[in-house]
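One-letter residues, chain by chain:
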Amino acid sequence: MNETSRETAAAPGRVVLLTTSHRVAPGLLSWPAWQALRAADAVLCADGAHPQLPYLREAGIAVARTAPTEQELVDACAGGRTVVVVATGEGEPALTDGLARLAGTGRTAMPDLELLPASYDLPGARLLDLVQVMDRIRAECPWSSRQTHEGLAKYGIEEAYELVEAIEAGDREELREELGDVLLQVVFHSRIAEEHPDAPFSVDDVAGGIVAKLVHRHPHVFGDETAETPEDVKEHWLRTKAEEKRRTSVTDGVPLGQPGLALAAKLASRARTADLDVPLPRGEGIGYELLALAVRAEAAGVDPEAALRAAARVYRDAIRAAEGLSA
């Protein structure tokens, strides 16, 4: 055996741990992944039901269904061979931990270990997980399976207020969590809606509807119109919204059940945007005074509801201080 042959026989080889995302359609692998698979001396997979296997076999890749120990894998790489391990969903932690322990002994010539992501999650891919989890909860949870739109309505209001509180508090962790809770309400209601006997719709219908709405209401982004200022954008939005809803009044669609200050500010905003000069109604009592304050705040670009909440928190802290308690 010449020197080159001895060096090849002694070469420890290479292990390629191929990971894929279950959120991407099977078979949609990166070019480096296909190159590694085609050049490998052996391709192994412990999961005979792995979603990638039919596509690998269709592409002519022979895949052995086996779960080798770390020593068996090292032996399979002897002589400079390359072995690709198609990882299961967990990423083969037992195998990689075993290889690390074997390397730690210092008594084994270890093959090179390469982690090769073969497919990546697209932005928003984790939303698919949420939809799947919600499907299972709706089917198997005794509480969730009995919920209705009407029964969940109060939680939607609560979660929206908790989101606002997190925003105003500037708590990033709380903000992330509350956004998740609001998103849950959307997915939960969409899942319930699938079961309606006459007019079902799914979360895909919900997403498709809002995508179409956003594209239509942003002609300056997706069309030929231009918008140089936020006011231009708002004008586009209101005009296209009026066309869609076929509304006769600028007050149409303003929910009257929202908090009073927010309602007054929204009405004032609609009137101002439409260039309507509407004198405030005259009347006695605190309600008319609050209405005037809300309109004045909106004209100044201040959210009166948020301003009152901020002042109320200061008042709460003052009360607690008077009680000898910390804020």
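Model, not experiment: these values are computed from the prediction.

(A) View of helix 11 (residues 230–245). Its 16 residues give helix 11 an end-to-end C-alpha distance of 22 Å, which sits within 8% of 22 Å, the value for a rise of 1.5 Å per residue. For helix 11, every residue scored as buried is listed here: H236, T240 and K241. Buried residues in helix 11, looked at end-on, bunch into an arc of 125°, giving them a common side. The inward-facing, buried residues of helix 11 abut helix 9 (203–216), helix 10 (219–222) and helix 12 (260–273).

(B) Focus on the environment of L267. Along the chain, L267 falls in helix 12. On a C-alpha basis, the gap between L267 and R320 in space is 36 Å, while along the polypeptide they are 53 residues apart. Every residue in contact with L267, bar those within four places of it in the chain, is listed here: T251 and V254.

(C) Here's a closer look at empty space enclosed by the protein. Across all of its chains, the model carries one cavity of 30 Å³ or more by this definition. Approximately 30 Å³ is the volume attributed to the largest cavity. Forming the boundary of the largest cavity are V131, M134, D135, V187, S190, R191, E194 and V203. If you list the elements that add at least two residues to the lining of the largest cavity, you get helix 6 (126–140) and helix 8 (172–193).

(D) Fine view of the pattern of salt bridges. Using the criterion set out here, one finds 13 salt bridges in the structure. For D129, the salt bridge identified is with R126, shortest N-O distance 2.9 Å. Of the two residues, D129 and R126 both sit in helix 6, three residues apart, roughly one turn of that helix. Assessed through its relative accessible area of 57%, R126 is described here as exposed. The residue E168 makes a salt bridge to R313 at a minimum N-O spacing of 3.0 Å. Of the two residues, E168 sits in helix 7 (residues 149–169) while R313 sits in helix 14 (residues 304–322), which places them 145 residues apart along the sequence. Judged by relative accessible area, E168 falls into the partly exposed class, the value being 27%.

(E) Examining a negative patch on the surface more closely. Together, E158, E162, E165, D171, E174 and E177 give the surface a local cluster of negative charge. Contributions of two or more residues to the negative patch are made by helix 7 and helix 8. Examining the composition of the negative patch, we find that three residues originate from one element, helix 7, more than from any other. E177 gets classed as partly exposed once you look at its relative accessible area, which sits at 43%.

(F) Focus on the packing of aromatic side chains. Taken as a whole, this structure holds two aromatic pairs when the rule is applied. An angle of 75° between the planes, with centres 6.3 Å apart, marks the rings of W143 and Y155 as edge-to-face. Of this pair, W143 sits in the loop between helix 6 and helix 7 while Y155 is found in helix 7, placing the two residues 12 residues apart along the sequence. A relative accessible area of 26% places Y155 in the partly exposed class.

(G) Seen up close, the packing of helix 7 against helix 8. Where helix 7 meets helix 8, the axes come as close as 9 Å, and the angle between the chain directions of the two elements is 160°. Overall, the two elements helix 7 and helix 8 adopt an arrangement that is roughly antiparallel. Read as a crossing pair, helix 7 and helix 8 show a hand that is left-handed. Taken together, the residues of helix 8 that come into contact with helix 7 (itself represented by H149, L152, Y155, G156, E159, A160, E162, L163, A166 and I167) are E174, L175, E178, L179, D181, V182, Q185, F188, H189, I192 and A193.

Cut-offs used in this document
- Residues numbered from 1 in each chain as written.
- Predicted model: local features only at pLDDT ≥ 70, side-chain atom pairs only at ≥ 80, totals over all residues.
- Heavy atoms only, no water.
- Helix = DSSP H or I, 4+ residues; strand = E, 2+ residues; numbered from the N terminus.
- Expected span 1.5 Å × (residues − 1).
- Buried < 20%, exposed > 50% of the residue type's maximum accessible area, 1.4 Å probe, protein only.
- Arc of directions from axis to C-beta.
- Contact = heavy atoms within 4.5 Å.
- 1 Å grid on protein atoms, 1.4 Å probe; cavity = no way out; pocket = protein on both sides within 12 Å on 5 of 7 lines; lining within 4 Å.
- Points joined across faces, edges and corners; volume = space filled by probe spheres on them.
- Salt bridge = Lys/Arg side-chain N within 4 Å of Asp/Glu carboxyl O.
- Patch = residues over 30% accessible without salt bridge, like charges linked within 9 Å, V, L, I, M, F, W, Y side chains within 5 Å.
- Areas by Shrake-Rupley, 256 points an atom, 1.4 Å probe, with all protein chains shown as cover.
- Lys, Arg positive; Asp, Glu negative; His and termini not counted.
- Charge placed at Lys NZ, Arg CZ, Asp CG, Glu CD.
- Phe/Tyr/Trp six-rings, centres within 6.5 Å; stacked < 30°, edge-to-face > 60°.
- Axes fitted to C-alpha atoms, helices over the stretch in contact; angles between N-to-C directions.
- Parallel < 35°, antiparallel > 145°, perpendicular 65-115°, else oblique.
- Left-handed = near helix turned anticlockwise from the far one by under 90°.

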